[in-house]
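Remarks on the overall topology
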Amino acid sequence: VVGSTLAGIFSDRIGRRNMLMIALTGDVIFFSLTGFVKSIEMMMLVRFLAGLCTPLTACIAWLLDAAGNNQGIRARNQGMFGMCSVI
């Protein structure tokens, strides 16, 4: 819930593409750090930060696709996005 709310606020201020790159970078960093933590407290912090970035990526990717493509391509991409969320 927090990550999705932040997605709208920050993407309006700095742009959707820039926010998508920041969110993807955060995903890579925080999910990579998950393998190197030494304590449960640090694991909870890293997973919380990763959890903030992951909804940002999904929301902004969906918005970029919906805003930038014609109707036929958008329908195909929305279907693929839906299938990926189920898998």
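Residues numbered from 1 in each chain as written. Predicted model: local features only at pLDDT ≥ 70, side-chain atom pairs only at ≥ 80, totals over all residues. Heavy atoms only, no water.

Observations regarding the overall build of the chain
Along the backbone of the chain there are four helices and zero strands. Secondary structure elements of the chain, listed N to C terminal, follow the sequence α-α-α-α. Across the 87 residues that make up the chain, the buried fraction comes to 22%. Taking the intrachain contacts of the chain between residues at least 6 apart in sequence as the baseline, contacts between residues at least 24 apart amount to 54%. When the accessible surface of the chain is totalled, it reaches about 6,100 Å², and 71% of it is carbon and sulfur. (Helix = DSSP H or I, 4+ residues; strand = E, 2+ residues; numbered from the N terminus. Buried < 20%, exposed > 50% of the residue type's maximum accessible area, 1.4 Å probe, protein only. Contact = heavy atoms within 4.5 Å. Areas by Shrake-Rupley, 256 points an atom, 1.4 Å probe, with all protein chains shown as cover.)

A short note on the confidence of the model for the chain
Summarising the model, the chain shows a mean pLDDT of 77, and 63% of its residues fall at 70 or more. Ranking the helices and strands of the chain by mean pLDDT puts helix H2 (residues 16-33) first, with 84, and helix H4 (residues 71-86) last, with 65. (pLDDT = per-residue confidence, 0-100.)

Regarding the side chain of Asp27
Within the fold, Asp27 resides in helix H2. No salt bridge is formed by the buried Asp27, whose closest oppositely charged neighbour, Arg47, lies at an N-O distance of 8.5 Å. Contact partners of Asp27, with chain neighbours within four places excluded, come to Ser32, Ala50, Cys53, Thr54 and Thr57. (Lys, Arg positive; Asp, Glu negative; His and termini not counted. Salt bridge = Lys/Arg side-chain N within 4 Å of Asp/Glu carboxyl O.)

A look at a nonpolar patch on the surface
On the surface, a cluster of nonpolar side chains totalling about 330 Å² of accessible area is made up of Ile9, Phe10, Ile14 and Ile22. Looking at which element gives the most residues to the nonpolar patch, the answer is helix H1 (residues 2-14), with three residues. Within the secondary structure layout, Ile9 lies in helix H1. (Patch = residues over 30% accessible without salt bridge, like charges linked within 9 Å, V, L, I, M, F, W, Y side chains within 5 Å.)

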